[in-house]
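Understanding the architecture of this molecule
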Number of protein chains: 4
Amino acid sequence: MNPSQGSDFIWPVRVYIEDTDAGGIVFYANYLKYMERARTERIRALGFSRLETIDPSVLFVVHSAQLRYHRPARLDDSLEVTADLADLRRTSMTFGQVVTHAGRGEKLVEGQIRVACIDRERMRPVAMPAALYQALQGTLKESVT
Amino acid sequence: MNPSQGSDFIWPVRVYIEDTDAGGIVFYANYLKYMERARTERIRALGFSRLETIDPSVLFVVHSAQLRYHRPARLDDSLEVTADLADLRRTSMTFGQVVTHAGRGEKLVEGQIRVACIDRERMRPVAMPAALYQALQGTLKESVT
Amino acid sequence: MNPSQGSDFIWPVRVYIEDTDAGGIVFYANYLKYMERARTERIRALGFSRLETIDPSVLFVVHSAQLRYHRPARLDDSLEVTADLADLRRTSMTFGQVVTHAGRGEKLVEGQIRVACIDRERMRPVAMPAALYQALQGTLKESVT
Amino acid sequence: MNPSQGSDFIWPVRVYIEDTDAGGIVFYANYLKYMERARTERIRALGFSRLETIDPSVLFVVHSAQLRYHRPARLDDSLEVTADLADLRRTSMTFGQVVTHAGRGEKLVEGQIRVACIDRERMRPVAMPAALYQALQGTLKESVT
């Protein structure tokens with residue numbers, strides 16, 4: 001089964017020469033770019049075109065990331081990137097993300113990315129905007145059902 | 001105490017505009033670039049100018065990465081990046097890496113990066129070249145003492 | 001008039017946080033990524049899924065680039081990138097490329113990129129594969145009409 | 001003769017895996033990163049640690065770039081990057097920049113980069129801070145002598 005199946009959101013990514021390295025594969029840091037694109041588009045699909053504009057006093061920063069590289073992606077590969085909400089708290093959201101080779105249905109990279117909400121002035125954790133929290137909660141319910 | 005102290009290898013990194021993002025901070029994927037530079041220079045300092053040239057049939061690929069972002073680095077910051085060997089096996093090496101703000105001595109990002117040795121043909125785990133293993137073992141002993 | 005109009009090929013690009021810098025705008029080198037994507041997709045649209053696979057002995061390398069930055073692109077902007085063939089020779093092709101703000105129809109960046117065909121062994125100019133030359137010639141005729 | 005000779009400022013750059021692409025060479029956009037680093041360090045060497053802090057109302061943006069790629073840089077290459085002032089006006093400065101292979105003394109890439117001073121509010125050309133203009137003028141005289 002394609003590892004993307006079962007996810008309610010899939011973002012397609014094409015591998016360009018800019019993404020690869022001299023090993024002929026996608027440079028290991030660049031999967032974090034793909035995952036950030038998928039999270040951004042996931043949030044946009046919920047109606048929030050850009051997190052920073054919801055409440056200018058709140059910053060969204062990555063708190064931690066766990067990455068497991070299974071197989072390399074290569075130039076011109078067509079990929080699918082998921083961004084499922086794995087955990088939701090008032091001050092943070094954690095995404096489980098999988099990068100899959102679209103053609104072969106192979107799982108290439110898995111990541112767990114926790115994004116924290118920070119008060120821009122004091123640089124301390126702060127509750128995310130209520131509208132965003134509610135919208136994200138809706139996606140959690142979906143995935144439980 | 002500066003978190004870099006106690007490390008037997010420190011690689012200095014300057015933050016340029018290419019590393020930053022519209023949030024005014026270093027983009028979260030780019031710390032993986034800094035860490036790769038430090039690992040490369042650490043290996044070079046052991047006398048191996050480039051891993052791939054030791055034994056062309058062996059590939060070194062990142063197996064997994066754990067990252068914890070404490071505080072952001074900003075444009076023009078002067079950073080210190082460590083690359084301490086945390087674990088050494090015949091077919092992999094794990095580095096504990098810390099990115100520190102050189103001036104303030106603050107820990108910014110911590111990472112644990114496992115690099116696996118792969119047979120280029122079969123894409124299966126393979127023992128790393130003996131000379132490299134021995135040299136790395138020497139650095140493990142150092143850090144215990 | 002939207003500067004993309006009149007072009008027979010337009011590649012859409014979304015600006016992500018990875019593309020921006022601490023100035024709040026797209027980092028100046030990254031427009032070369034956008035232009036490379038558009039050239040790649042232009043060639044793909046002609047039926048050549050990847051230049052390197054047409055004839056493995058031929059390399060395609062950028063010979064020169066002229067860039068004129070008019071206005072900056074910003075986070076989340078939706079862009080259009082053209083890749084019109086401006087000049088075609090046996091051993092090189094030159095693309096005229098424009099990056100436009102999709103919503104406002106403003107010209108942001110203009111580039112002229114010459115890509116040369118090189119013999120992989122001798123690293124000397126070599127004629128491009130005939131099938132590619134013919135396909136490209138077809139697009140030149142289109143733009144004259 | 002090494003093309004860097006005759007320049008009063010040389011910035012060393014090491015090629016890391018992050019800079020390369022699947023062609024085994026440095027990705028063509030990344031030379032613009034190297035050149036930006038050299039310009040930044042050149043300005044820093046004149047005593048201006050960061051352009052933006054001289055006068056917060058003035059932005060420095062790249063106006064145009066001409067690049068000529070002679071030979072590719074490869075993984076682990078040690079490079080030298082110059083940043084000679086080629087032209088100085090009240091509202092802009094143009095740098096002539098050469099990327100040289102340090103070991104072989106070969107010219108790899110040449111660039112001419114014009115940086116414009118912009119009023120942050122009105123986004124119109126504005127005179128650069130007088131202290132910077134004078135310091136830059138000093139380097140022009142040097143190169144004439």
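Below or above, wherever it landed, is the structure these notes cover. (Residues numbered from 1 in each chain as written. Chains lettered and ligands numbered in written order. Predicted model: local features only at pLDDT ≥ 70, side-chain atom pairs only at ≥ 80, totals over all residues. Heavy atoms only, no water.)

Our focus in this paragraph is the overall build of chain A. A count of helical and extended segments in chain A gives 3 helices and 6 strands. When the helices and strands of chain A are read in sequence order from the N terminus, they spell out β-α-α-β-β-β-β-β-α. For 145 residues, the compact-globule formula gives about 15 Å, and the C-alpha radius of gyration of chain A, at 16 Å, lands near that figure. Summarising its shape, the C-alpha atoms of chain A cover approximately 45 × 35 × 25 Å along the three principal directions. Residue pairs in contact within chain A that sit at least 24 positions apart in sequence constitute 69% of those at least 6 positions apart. Of the roughly 6,300 Å² of accessible surface on chain A, a fraction of 49% belongs to carbon and sulfur atoms. Charge-centre separation for chain A: the mean point of 19 positive side chains lies 4 Å from the mean point of 18 negative side chains. (Helix = DSSP H or I, 4+ residues; strand = E, 2+ residues; numbered from the N terminus. Rg over C-alpha atoms; globule rule 2.2 N^0.38 Å. Contact = heavy atoms within 4.5 Å. Areas by Shrake-Rupley, 256 points an atom, 1.4 Å probe, with all protein chains shown as cover. Lys, Arg positive; Asp, Glu negative; His and termini not counted. Charge placed at Lys NZ, Arg CZ, Asp CG, Glu CD.)

This structure, assessed with the given rule, holds 3 cavities of 30 Å³ or more. Size it by volume and the largest cavity reaches roughly 120 Å³. Forming the walls of the largest cavity are 17 residues, and the residues nearest its centre are E18 and N30 of chain B together with E18, N30 and K33 of chain C. Grouping the amino acids of the lining of the largest cavity by side-chain chemistry returns 4 nonpolar, 4 polar and 9 charged. The space that makes up the second largest cavity amounts to roughly 110 Å³. Along its surface, the second largest cavity is lined by E18, T20, F27, N30 and K33 of chain A, K33 of chain B, K33 of chain C together with E18, T20, F27, N30 and K33 of chain D. Elements supplying a minimum of two residues to the lining of the second largest cavity: α1 (30-45) of chain A together with α1 (30-45) of chain D. Considered class by class, the residues forming the lining of the second largest cavity number 2 nonpolar, 4 polar and 6 charged. (1 Å grid on protein atoms, 1.4 Å probe; cavity = no way out; pocket = protein on both sides within 12 Å on 5 of 7 lines; lining within 4 Å. Points joined across faces, edges and corners; volume = space filled by probe spheres on them. Nonpolar A, V, L, I, M, F, W, Y, C, P; charged D, E, K, R; others polar.)

Another aspect to go through is the side chain of T94 of chain A. Following the sequence through the fold, T94 of chain A ends up in strand β5 (residues 92-101). Beyond its immediate chain neighbours, meaning those up to four positions away, T94 of chain A contacts D84, L85, A86, D87, Q112, I113 and R114 of chain A.

With 20 residues of chain B at the contact, the number on the chain A side is 20 residues. Both sides of the chain B and chain A interface together cover about 1,700 Å² of buried area, and 67% of this is carbon and sulfur. Area buried by chain B at its contact with chain A is led by Y28, L32 and H63 of chain B, which between them contribute 30% of it. The interface formed by chain B and chain A holds 0 salt bridges in total. Run the count over chain B and chain A and you get 10 residue pairs in polar contact (both at pLDDT 80 or more). Elements represented by at least two residues in the side of chain B that touches chain A include exactly α1 (30-45) and β2 (58-69) of chain B. Considering each element in turn, the side of chain B that touches chain A owes the most residues, 8 residues, to β2 of chain B. Of the residues assigned to the side of chain B that touches chain A, the class counts are 12 nonpolar, 3 polar and 5 charged. (Buried area = accessible area lost by both parts, 1.4 Å probe. Salt bridge = Lys/Arg side-chain N within 4 Å of Asp/Glu carboxyl O. Polar contact = N/O pair within 3.5 Å; in protein donor to acceptor, adjacent residues only side chain to side chain.)

Our focus in this paragraph is unusual backbone geometry. A positive phi is found at D76 of chain A, a non-glycine position, where the angle reads about 75°. Summarising the element assignment, D76 of chain A is placed in the loop between β2 (58-69) and β3 (78-82). Residues other than glycine seldom take positive phi values, yet M123 of chain B does so here, at roughly 55°. Inspection of the secondary structure assignment puts M123 of chain B in the loop between β6 (106-119) and α3 (130-144). On the basis of relative accessible area, M123 of chain B is assigned to the partly exposed category, the value being 40%. (Buried < 20%, exposed > 50% of the residue type's maximum accessible area, 1.4 Å probe, protein only.)

What follows is about the packing of aromatic side chains. Applying the stated rule across the entire model yields 20 aromatic pairs over all chains. Ring geometry for Y31 of chain C versus Y69 of chain C: centroids 5.8 Å apart, planes at 65°, classification edge-to-face. Of this pair, Y31 of chain C sits in helix α1 (residues 30-45) while Y69 of chain C sits in strand β2 (residues 58-69), placing them 38 residues apart in sequence. No difference in accessibility class separates Y31 of chain C from Y69 of chain C, as the two residues are buried. Grouped by ring-pair contacts, the aromatic residues F27, Y28, Y31, Y34 and Y69 of chain A constitute a single cluster. The ring of Y133 of chain B has R90 of chain B sitting right over it, with the charged end atom 3.9 Å from the ring centre. (Phe/Tyr/Trp six-rings, centres within 6.5 Å; stacked < 30°, edge-to-face > 60°. Lys NZ or Arg CZ within 6 Å of the ring centre and 35° of its normal.)

Further remarks concern the nonpolar core. One finds L32, Y69, M93 and M128 of chain C together with L32, Y69 and M93 of chain D to be the most contacted residues of the largest nonpolar core, which totals 79 residues. In contact with L32 of chain C, other than residues within four places in its own chain, are L67 and I113 of chain C together with Y28, A29, L32, L67 and Y69 of chain D. Formed by 78 residues, the second largest nonpolar core is a distinct cluster that contains Y28, M35 and L88 of chain A together with I17 of chain D. (Core = buried A, V, L, I, M, F, W, Y, C linked by side-chain atoms within 4.5 Å.)

On to the environment of L140 of chain C. All names here are of chain C. Positionally, L140 belongs in helix α3 (residues 130-144). Linking L140 and Q112, residues 28 residues apart in sequence, is a C-alpha distance of 16 Å. Residues in contact with L140, not counting those within four places in the same chain, are L85 and L88.

Structural alignment of chain C on chain D gives an RMSD of 0.0 Å, achieved by rotating through 180° and translating 0.0 Å along the axis. Given the turn and translation reported, the copies of this chain are related as if by a two-fold rotation axis. Scanning chain C for the C-alpha nearest the rotation axis identifies Q66 of chain C, at a separation of 2.3 Å. When the interface residues of chain C are mapped onto chain D, 100% of them again fall at the interface, so both copies present the same face. (Least-squares fit on C-alpha atoms with pLDDT ≥ 70 in both.)

Take the interface of chain C and chain D next. Listed as interface residues are 20 residues of chain C and, on the opposing side, 20 residues of chain D. Each partner contributes to the roughly 1,700 Å² buried at the junction of chain C and chain D, and carbon and sulfur atoms together form 66% of this total. Looking only at chain C, the three residues that lose the most surface to chain D are Y28, L32 and H63 of chain C, adding up to 30% of its buried area. Where chain C touches chain D, the interface holds 0 salt bridges. The interface formed by chain C and chain D includes 10 residue pairs in polar contact (both at pLDDT 80 or more). Among the secondary structure elements, those contributing two or more residues to the side of chain C that touches chain D are α1 and β2 of chain C. Looking at the side of chain C that touches chain D element by element, the count peaks at 8 residues for β2 of chain C. Residues that form the side of chain C that touches chain D fall into these classes: 12 nonpolar, 3 polar and 5 charged.

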